[in-house]
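Now for the letters of each chain:
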Amino acid sequence: MTTAPAPYDAIVLGAGGAGLMCAAIAAQRGRRVLVIDHADEAGKKILISGGGRCNFTNLHTAPDRYLSANPHFAKSALGRYRPEDFIAMVDAHGIAWHEKTLGQLFCDGSARQIVAMLIDECARGDVTIRCGAAFDAIDHADGRFTVAHGRHVAQAPALVIATGGPSIPKMGATGIAYDIARRFGLKVVEPRPALVPLTLSGAKDGEGALFQSLSGVASEVVASAGKARFREAALFTHRGLSGPAILQASSYWRHGETIGIDFVPEQPAGWLRDAKRARPRAALRSVLGAVLPDRLAEALAERMALAGELANLPDRALEAAERRLADWRFAPDGTEGFAKAEVTVGGIATAGLSSQTMAARAVPGLYAIGEAVDVTGWLGGYNFQWAWASGWAAGQAL
């Protein structure tokens, strides 16, 4: 092995969004920075994000759109590095972008443009990036961190954990960030899959049996888990529930709890009674078919077992049907796991970190940023904005 002839000022573990941003900011401030990643190229998760176009931020970024054991922790970094700051960098690199729905910003071209931009920003500060180099050992003594990686050994007074979480293991994601954190005495909030499809039992008397027949059907709904509510599309799959509304709700769902779905968010109270007055000879299936996809309308009507013409159905039965349609309860038996999760809820506990600098309070020179930390954003560019903001905060402090 070879040891660097002169120590670096900082070693960043992980060449994802947070790690590259941190390295670029620190290096442009005159720090000598080494980035190490086991993957064969930098930014691999960025490359597959947003269907290959990278949903790189969200215009509506705010601390209340993040989950954390400490809901206030993200305020400092998010407040000091805002979406407009990252947009300015994107614009300076001539990357064309567009807004989709709900404040989500995407590249017109390719996610590869964002990776190239971050690498270019690192190059401006002479950052050394070593990919395909798994770190074999990490030691800390005499105020220096020593990292053995491949045939190299590097030293620095600062070490940044930016290795992300275990979501999408096919990309090489692991929970190594938590192992490193625990080694240095930092606590870890139990990690679990987030922004992930939910699975339903296929039991004959369960909701799963009925709705598996709807695989491929999508509809705009309001999905709720606890107090969180999201109005977007839900998608039925052969395994359960997916789509943006469900992915959002999944971050708040815990095993043993139910998910509520409002299938008719546009309909006012009393709408079925009004339909009975306007179309007394219509069947419930027909009325639902006017506001929902046909297969979904048929399945819901069948499940509620209100046969015959509306005129022959009591108002109280229609009112009960309205309530059920507005809060249909599903009891997921699980999720599709880290393999299908876009991000991870939980991670390195924020109680041991400075919200200003992302530095570990008890270990001088140790930092943790990005998805490795117990801060998880909503779907739609929020997690990238946390990566940029937390990386920027640490980069300014190194």
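Just above sits the structure.
Residues numbered from 1 in each chain as written. Predicted model: local features only at pLDDT ≥ 70, side-chain atom pairs only at ≥ 80, totals over all residues. Heavy atoms only, no water.

Caption draft 1: Region of interest: the overall build of the protein chain. When you go through the protein chain residue by residue, the secondary structure sums to 13 helices and 23 strands. Principal-axis analysis of the C-alpha atoms places the extent of the protein chain at approximately 85 × 40 × 35 Å. Long-range pairs, those at least 24 residues apart, make up 72% of the contacts in the protein chain between residues at least 6 apart in sequence. A total accessible area of about 16800 Å² is found for the protein chain, and carbon and sulfur atoms account for 51% of it. The average position of the 41 basic charges and that of the 39 acidic charges among the side chains of the protein chain differ by 2 Å. (Helix = DSSP H or I, 4+ residues; strand = E, 2+ residues; numbered from the N terminus. Contact = heavy atoms within 4.5 Å. Areas by Shrake-Rupley, 256 points an atom, 1.4 Å probe, with all protein chains shown as cover. Lys, Arg positive; Asp, Glu negative; His and termini not counted. Charge placed at Lys NZ, Arg CZ, Asp CG, Glu CD.)

Caption draft 2: Just the pattern of salt bridges, in detail. Tallying each qualifying case throughout the model produces 17 salt bridges. For D179, the salt bridge goes to R182, with nearest N and O atoms at 4.0 Å. Placement of the pair is D179 and R182 together in helix α6 (residues 176-183), with a separation of three residues, close to one helical turn. With relative accessibility at 48%, the residue R182 sits in the partly exposed group. Across the salt bridge formed by R281 and E309, the nearest N and O atoms sit 3.7 Å from each other. (Salt bridge = Lys/Arg side-chain N within 4 Å of Asp/Glu carboxyl O. Buried < 20%, exposed > 50% of the residue type's maximum accessible area, 1.4 Å probe, protein only.)

Caption draft 3: How the structure looks around the state of the cysteines. Taken as a whole and assessed by the stated rule, the structure comprises zero disulfides. In this structure C131 is a free cysteine whose sulfur lies 10 Å from that of C122, the closest cysteine sulfur available. Given the relative accessible area of 29%, C131 is considered partly exposed. (Disulfide = S-S within 2.5 Å.)

Caption draft 4: Inspection of the packing of aromatic side chains at higher detail. For the coordinates displayed, the defined rule picks out 13 aromatic pairs. An angle of 65 degrees between the planes, with centres 6.4 Å apart, marks the rings of F73 and W386 as edge-to-face. Taken together, the positions of F73 in the loop between β5 (66-67) and α3 (75-80) and W386 in helix α13 (residues 382-397) put the pair 313 residues apart, joining distant regions of the chain. Each member of the pair, F73 together with W386, is buried. Pairing F263 with W328 gives two aromatic rings, centres 6.0 Å apart and planes at 80 degrees, and the pair type is edge-to-face. With F263 in the loop between β18 (259-262) and α9 (271-278) and W328 in strand β19 (residues 328-330), this pair connects stretches of sequence that are 65 residues apart. (Phe/Tyr/Trp six-rings, centres within 6.5 Å; stacked < 30°, edge-to-face > 60°.)

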